[in-house]
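# Observations on the model geometry
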Amino acid sequence: MIHESGLERFYVQRQRPAAKATPAAAEDWSIYDRPALRQGWVRRDEDGGGEAVLALEGMVCGACAWLNEQHLQRLPGVIEVQVNFAAQRLRVRWREPNFQVSQVFAAVAALGYHAVPFDAEALELRQRAARRALLWRLGVAGFGMMQVMMYAFPAYLTGDSLGSDASALLRWASLVLSLPVLLFSASPFFSGAWRDLAHRRVGMDVPVTLALLIAFVASAHATIGGQGEVYFDALTMFVFLLLGSRYFELRARQQAIAGLHLAARPLPAMCIKLTGVAGAVRSERVAVAELAVGDLVLVAAGEVIPADGQIVGGDTRVEEAQLTGEFWPVTKGPGAAVYAGSLNRQGPITVRLAAVGSNTRLWAIGHLVDRALAARPRLALLADRVAGRFVLVQMGLAALVGMFWLYVDPARALVIVVAVLVVSCPCALSLAAPMALAVANGALARLGLLITSAQAMETLARATDVVFDKTGTLTTGRPVIRQLLVLGELPPALLRTIAASLELASRHPLAEAFRKNDVTAAGAAEEVAGCGVAGEFEGVVYRLGRAEWVAELVGKPIPPSLRTPATTANLVALGCAKAWLAGFILDDAPRAQAAETVASLQGAGLKLHLLSGDRPEAVSAWAEGLGMATARGGASPEDKQAFVEGLQRRGAIVVMVGDGVNDTPGFAQAQAAVALGSGSALARARADMVLLGESLLPLARGVAAARRCLGVLRQNLVWGFAYNVLMIPLAAAGWVNPWIAAGGMALSSMIVVLNAGRLARDDVAWKSSTS
């Protein structure tokens, strides 16, 4: 191409050859200490400390996670390190205001791993690259295995009758074909073993590497010397089966945690900002990072909303799947709240920003996801400890078995030691808990329940009692018109319009029930504290509020229908001079599927309690309507904590569900707490689980899922432990060949992964169990 383009003149005029490239210098991690590069993945605490979430590459087993945790906890100033092997995620917290996050990157690199700031879009690219690289290694191992097996087949058929020259040729061909499998396909095992030994840790790659080296060295010695057994076929098959199980596990693990990446849709880098005043509005493209509270932005159809805010112009439908788990678009208009990360599906809207950057709801949920991925329950920690110690026991056992067979039958000692090393690798045991938890957490996140605490899954499965708050939990906390009592001749639609026009002048919480977008404010409107609103509509003066106050304008006795006490509702009267017009019965709107959730939880054998600071008669009426036996109104935050403590003294395992700051003392007392995603930030921070949408039904599904997850987790642990206990004696007795051991180890890992995968497929079963 150079000659055809006439570019060879450069080489003629060059006076000396080009200098050779110099090796790259060690990577400078200090770039991550720059404030501009820390946005989005570093969070500062009020006390000056901080927290970082990183994607951790290169881990192949639970021992890798343990090694990173132990190493990073020794950094000065670090107070907490959590590594999730299934999610390949690292979470670090520190207390020093001047802590340099570059220390974390350098420490991880010193171990032989690679850390990068977490980014959902970049994570998908890295996962794709990891799958492709592993698939290449698997392909080379598969090709080498088939060729080596083809050359080993004649020896199996003819035995000793195969000529020495032909036998030597086949052995040398097998050795050559085994080299790419050993040096390329098996290289991750060697690098992992070296990393473990360099830090005085025996991980699961160590016995695998030892088995591979023993088999290859012995086979190579037999090939060169012309006598002895060769195991190239078993070696290549072992590498192929082990890589196959790791590839299968990798795909399953990545699919399992996909449901937890709720903030996967990236925010736009740029957006259209509106400036100026009416009649002279200008638009300009600005970076989303430069937006501030109060800015006006224009979001076109098909664009992602860049920050939290309120629509001030335009009507549309918005997809909020990343925040609520519901993919059906929601109709939005002026005055409606919209959130960062939501997708504008229909028409252009103008949004006034109320929260940007790390103050958005999307960022808060992303932080909860990081907590969820870092959390590991007691069963998972126990499995990690057992697997780590099991490797040491296995190495000692292999040495004892080798010495025994060297004394009994030296010719069989080598193959038996290799079989013991292979068959006893606790891969299934180390995968048992992470896979089950990852699949269950991902499935629950897709249903709308986010697990953020290590022990939440186990506690939810063993729960006996659930305590609900009322306002904002079983109800939406927003008033609605439950019933309209027509007292005059005006039609209901006009009565609602008159009331909405008057309430535009009110700031009372109940005024929200009357709000309509297509009405104009009443003339001379005035709000009288404790009474209601008075104003003029189409030339007529009206009053809307307490019946006693409205009666002063009407001049007639209050009708009997407006004197009926309402236990759960508020009654608002409407009248004009000399006429009673209507009565509006207002009540708190029930949350979606609240009754269905209560029925499902009771069907699961749980005892339900309603606890609220609202009027006792209102709380009792709500409990009776929902079929809850225990109800208590007028409860203070301290009362809620004492109530939960009383249940616990009687042996109950309590889950509390709430949405506000007043629920946090009960949250702290209960064994597990569930907060509404739309609730207060403090409630979400203290909660062990967060409901992402407006429905409570995911909680009922979560109970069924948690019980099933705990069962699958125990099944995996029993299987992983039983497999090793049963197979090791068989291998030590010489009844299991190395290639059978390799197949058994790979099969045991795949069984654990498939069993955990049932939790994702049981999504339909969870839904049907709560219907």
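In what follows, the accompanying structure is described.

Criteria and cut-off values
- Residues numbered from 1 in each chain as written.
- Predicted model: local features only at pLDDT ≥ 70, side-chain atom pairs only at ≥ 80, totals over all residues.
- Heavy atoms only, no water.
- Buried < 20%, exposed > 50% of the residue type's maximum accessible area, 1.4 Å probe, protein only.
- Helix = DSSP H or I, 4+ residues; strand = E, 2+ residues; numbered from the N terminus.
- Pairing = 2+ DSSP bridges.
- Expected span 1.5 Å × (residues − 1).
- Axes fitted to C-alpha atoms, helices over the stretch in contact; angles between N-to-C directions.
- Contact = heavy atoms within 4.5 Å.
- Parallel < 35°, antiparallel > 145°, perpendicular 65-115°, else oblique.
- Left-handed = near helix turned anticlockwise from the far one by under 90°.
- Nonpolar A, V, L, I, M, F, W, Y, C, P; charged D, E, K, R; others polar.
- Core = buried A, V, L, I, M, F, W, Y, C linked by side-chain atoms within 4.5 Å.

### Re the pairing of strand β26 (residues 672–676)
Within β26, five of the five residues are buried, which leaves it mostly tucked inside the rest of the structure. Sheet analysis places strand β25 (residues 654–658) next to β26, joined by four bridges and oriented parallel. When the bridges of β26 are listed, Met 656 appears paired with Ala 673. Relative to strand β27 (residues 689–691), β26 is paired through three bridges, and the arrangement is parallel.

### Concerning helix α12 (residues 410–423)
Taking 1.5 Å of rise per residue, 14 residues should cover 20 Å, and α12 covers 20 Å from first to last C-alpha, within 8% of that figure. Of the positions making up α12, those classed as buried are Ala 413, Val 415, Ile 416, Val 417, Val 418, Ala 419, Val 420, Leu 421, Val 422 and Val 423.

### Quick notes on the sheet that holds strand β7 (residues 282–287)
Here six strands make up an open sheet; going across it, the order is β7-β6-β8-β14-β9-β12 and the pairing antiparallel. The open sheet terminates on both sides in strands that have one partner only, identified here as β7 and β12 (337–338). As defined by bridge partners, strand β6 (residues 270–275) adjoins strand β8 (residues 296–299) across three bridges and the pair is classed as antiparallel. Looking at the pairing, Leu 274 lines up with Leu 296 of β8.

### Some remarks on the sheet that holds β26
Spatial strand order, β15-β27-β26-β25-β16-β23-β24: seven strands in an open sheet with mixed pairing. Strand pairing shows two members of the sheet lacking a second neighbour, β15 (449–451) and β24 (630–632), which therefore form its edges. The sheet shows a mean angle of 20° between the axes of neighbouring strands, taken without regard to direction. Set on the sheet, helix α20 (residues 637–649) makes contact with β16 (465–468), β23 (607–611), β24 and β25; between it and β25 the angle comes to about 160°.

### Overview of the packing of helix α6 (residues 187–198) against helix α7 (residues 205–225)
Running from N to C, α6 and α7 cross one another at 125°; their axes reach a closest spacing of 8 Å. If you check the angle between α6 and α7, you find them oblique. Like other packed secondary-structure pairs, α6 and α7 cross with a definite hand, here left-handed. Touching Pro 188, Phe 189, Phe 190, Gly 192, Ala 193, Asp 196 and Leu 197 of α6 are Asp 205, Val 206, Val 208, Thr 209, Leu 212 and Leu 213, all from α7. When the residues that make up the contact of α6 with α7 are grouped by side-chain class, the tally is nine nonpolar, two polar and two charged.

### Notes on the packing of helix α5 (residues 164–185) against α6
Interhelical geometry of α5 versus α6 gives an angle of 45° and a closest axis separation of 5 Å. In terms of orientation, α5 lies oblique with respect to α6. Contact residues: α5 offers Leu 182, Leu 183, Phe 184 and Ser 185, while α6 offers Ser 187, Pro 188 and Phe 190. Its residues assigned to classes, the contact of α5 with α6 comprises five nonpolar, two polar and no charged.

### Quick notes on the nonpolar core
Ranked by size, the top nonpolar core spans 51 residues in total, and within it Phe 468, Leu 474 and Met 628 carry the most contacts. Here this core gets eleven residues from one element, more than from any other, and that element is helix α23 (residues 697–732). For Met 628, the contacting residues outside a window of four places in its chain are Phe 468, Leu 474, Val 598, Gln 602, Leu 608, His 609, Leu 610 and Ala 623. One finds Leu 182, Val 208, Ala 413 and Ile 728 within the second-largest nonpolar core, a separate group that totals 48 residues.

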